[in-house]
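Spelled out from the first residue to the last, the chains are:
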Amino acid sequence: MNNTDLMQYLPDYYSGIREFQLIMEVEDKKFDDLKAHMKELYNQMFLDTATTGLSNWEKDTGIQDSNSKDTDEDRRSRIRSKIRGIGKIDEQLIKDVVDSWTNGDVEVTFADGKINIKFNSFYGIPSNMKAVKEAIEQIIPAHLGVKYNIKYLLVKDIHDNRTINELQNTKLNLFEGGVI
């Protein structure tokens with residue numbers, strides 16, 4: 001990626017001197033490297049593009065235990081959840097925190113001293129349910145309980161609607177009582 005051409009900034013009589021051409025070629029490569037490093041540094045400033053800078057984001061948001069097995073996207077979700085989890089606890093705040101993990105349609109209601117969280121957009125237990133629970137536990141007051149309503153496939157949903165081959169390819173965790 002050699003985009004820089006410093007020779008164009010010099011007077012024309014330098015273009016015929018071999019030593020200047022060599023010096024400028026080396027400088028061109030150095031400027032290209034510098035631009036690439038600057039772009040990488042710029043990407044670390046934004047959560048959606050950060051990779052090596054995620055540890056700084058975690059430090060800034062007070063996340064202590066970053067699991068080395070977590071993917072960058074899992075780490076981003078945890079950071080996003082922590083950022084969204086600041087403010088007055090209401091349905092919208094809890095919905096924003098859960099959405100940062102599931103990217104799905106979530107309904108949040110308060111009833112009888114409990115927070116009810118209903119997942120509407122997919123069947124089965126979200127793959128990152130443990131992380132969702134941890135994020136919710138960090139933002140809600142201790143006196144409130146949480147009830148998670150998970151949408152499962154029921155017999156009425158599959159009877160006369162799916163073929164045997166489709167059922168055989170369906171994971172058990174999508175059915176109520178299925179293995180997680």
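Residues numbered from 1 in each chain as written. Predicted model: local features only at pLDDT ≥ 70, side-chain atom pairs only at ≥ 80, totals over all residues. Heavy atoms only, no water.

Colleague: Before we move on, can you summarise a nonpolar patch on the surface with the specific residues and values?
Modeller: Nonpolar side chains collect at one region of the surface, where Leu41, Tyr42, Met45 and Phe46 lie side by side and expose about 450 Å² of accessible area between them. In this fold, Met45 is placed in the loop between α1 (18–44) and α2 (54–61). (Patch = residues over 30% accessible without salt bridge, like charges linked within 9 Å, V, L, I, M, F, W, Y side chains within 5 Å. Areas by Shrake-Rupley, 256 points an atom, 1.4 Å probe, with all protein chains shown as cover. Salt bridge = Lys/Arg side-chain N within 4 Å of Asp/Glu carboxyl O. Helix = DSSP H or I, 4+ residues; strand = E, 2+ residues; numbered from the N terminus.)

Colleague: Tell me what's going on with the packing of α2 against helix α3 (residues 72–84), and back it up with residues and numbers.
Modeller: With their axes 10 Å apart at the nearest point, α2 and α3 run at an angle of 25° to one another. Viewed along their axes, α2 and α3 adopt a mutual orientation that is roughly parallel. Handedness of the α2/α3 crossing: left-handed. Of the residues in α3, those touching α2 at Leu54, Ser55, Trp57, Glu58 and Thr61 are Asp72, Arg75, Arg76, Arg78, Ile79, Lys82 and Ile83. When the residues that make up the contact of α2 with α3 are grouped by side-chain class, the tally is four nonpolar, two polar and six charged. (Axes fitted to C-alpha atoms, helices over the stretch in contact; angles between N-to-C directions. Parallel < 35°, antiparallel > 145°, perpendicular 65-115°, else oblique. Left-handed = near helix turned anticlockwise from the far one by under 90°. Contact = heavy atoms within 4.5 Å. Nonpolar A, V, L, I, M, F, W, Y, C, P; charged D, E, K, R; others polar.)

Colleague: Help me get a handle on the pattern of salt bridges, residues and values and all.
Modeller: Across all of its chains, the model carries seven salt bridges by this definition. We note a salt bridge from Arg75 to Glu58, for which the minimum N-O separation is 2.9 Å. One end of the pair, Arg75, is in helix α3; the other, Glu58, is in helix α2, and 17 residues separate them in sequence. The pair formed by Arg75 and Glu58 is uniform in burial state, with each residue classed as buried. One salt bridge in this structure joins Glu73 and Arg76, with 3.3 Å as the shortest N-O distance. With Glu73 and Arg76 both in helix α3, this residue pair falls three residues apart, about one helical turn. Looking at Glu73, the relative accessible area reads 44%, which means it is partly exposed. Each of the salt bridges in this network shares a partner with another, and the network as a whole consists of Glu58, Asp72 and Arg75. (Buried < 20%, exposed > 50% of the residue type's maximum accessible area, 1.4 Å probe, protein only.)

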